[in-house]
Each structure stands twice: as C-alpha cells, then as structure tokens.
Amino acid sequence: MNVKITMHGQKGQDGHCGNFNANPQDDDRLQVRARVGKTGVDPRDSMYATKTPVMVAHRPNINDCPAQQLEDAKTLCKQKEKKFIPSMACL
C-alpha cells in the first residue's frame, strides 16, 4: 500500500523526505537514515498488527551507499549496460 500524507510541519518531525527545518543540507538520504533508522516504523508505533521487514538482515543495502559513490556507479552502469536505468545487479 502506498499512502501520501499532506500536513503542516510538526515540531520534531522527521522522515523519508527530511525534517522540514528548511535546511536541505541535513536531508541527505544517509543523514535521514542515521536519525530515524533503517527499518521503518517501530512496530510499537505501527497501526498494523504485523510488520513486513523493510530489508533483509546481514545483506548489503544500496541505501547505505554514499550519494556521490551511488551516482558514480549509476553513471558507469548506464554506460556499461546501455540503459537509462541501470540494473541493481550492476549497481
């Protein structure tokens, strides 16, 4: 299920899109993950009875890759595969 929630910023708000403090410098993917974690909503805070794992444990996760390194890999993979969207296998 995908849901889009539109609301005014709240004190202490943080998440996938950043922390809404008008400073895009601290909304980098790795900085957000460092603040809010890598596994999504804490099961204690979820409105659902069960939680689907966000990632498989003990495996590399492309979301942990620094932004510039990921962009460089995308560029190389686009050239290598001759595709606009490179495969995860290449990345």
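Provided above is the structure to which this section pertains.
As the structure is a computational prediction, the values presented were derived from the model and not from experiment. (Residues numbered from 1 in each chain as written. Predicted model: local features only at pLDDT ≥ 70, side-chain atom pairs only at ≥ 80, totals over all residues. Heavy atoms only, no water.)

S.K.: Help me understand the side chain of Asp26, please; the structure alone is not making it clear to me.
M.R.: Relative to the helices and strands, Asp26 resides in the segment before α1 (29–36). Here Asp26 is buried and forms no salt bridge, its nearest opposite-charge partner Arg35 lying at an N-O distance of 4.6 Å. Contacts of Asp26, omitting those with residues within four sequence positions, involve Asn19, Asn21, Gln31, Val32 and Arg35. (Helix = DSSP H or I, 4+ residues; strand = E, 2+ residues; numbered from the N terminus. Buried < 20%, exposed > 50% of the residue type's maximum accessible area, 1.4 Å probe, protein only. Lys, Arg positive; Asp, Glu negative; His and termini not counted. Salt bridge = Lys/Arg side-chain N within 4 Å of Asp/Glu carboxyl O. Contact = heavy atoms within 4.5 Å.)

S.K.: What am I meant to see in helix α2 (residues 67–81) here?
M.R.: An α-helix turns once every 3.6 residues. As a result, residues three or four positions apart point the same way. With 15 residues, α2 ought to run about 21 Å at 1.5 Å a step, and its terminal C-alpha atoms sit 21 Å apart, in line with that. Every buried residue belonging to α2 is among Leu70, Ala73 and Cys77, and all of these are buried. Buried residues of α2, viewed axially, fall in a sector of 60°; they line one side. Turned more than 90 degrees away from the buried face of α2, the exposed residues are Gln68, Leu76 and Gln79. Of the surrounding secondary structure, the elements contacted by the buried residues of α2 are α1. Note on α2: the residue one or two positions beyond its end, Lys82, has a positive phi of about 55°. (Expected span 1.5 Å × (residues − 1). Arc of directions from axis to C-beta.)

S.K.: Can you help me understand the pattern of salt bridges in this one?
M.R.: In a structure, side chains of opposite charge can pair up when their charged atoms sit close to one another. Evaluated as defined, the whole model comprises four salt bridges. Its salt-bridge partner being Arg35, residue Asp14 comes within 2.4 Å of it at the nearest N-O pair. Within this pair, whereas Asp14 is found in the segment before α1, its partner Arg35 is found in helix α1, the two being separated by 21 residues in sequence. Of the residues examined, Arg35 reaches a relative accessible area of 35% and is grouped as partly exposed. One salt bridge in this structure joins Arg33 and Asp64, with 3.0 Å as the shortest N-O distance.

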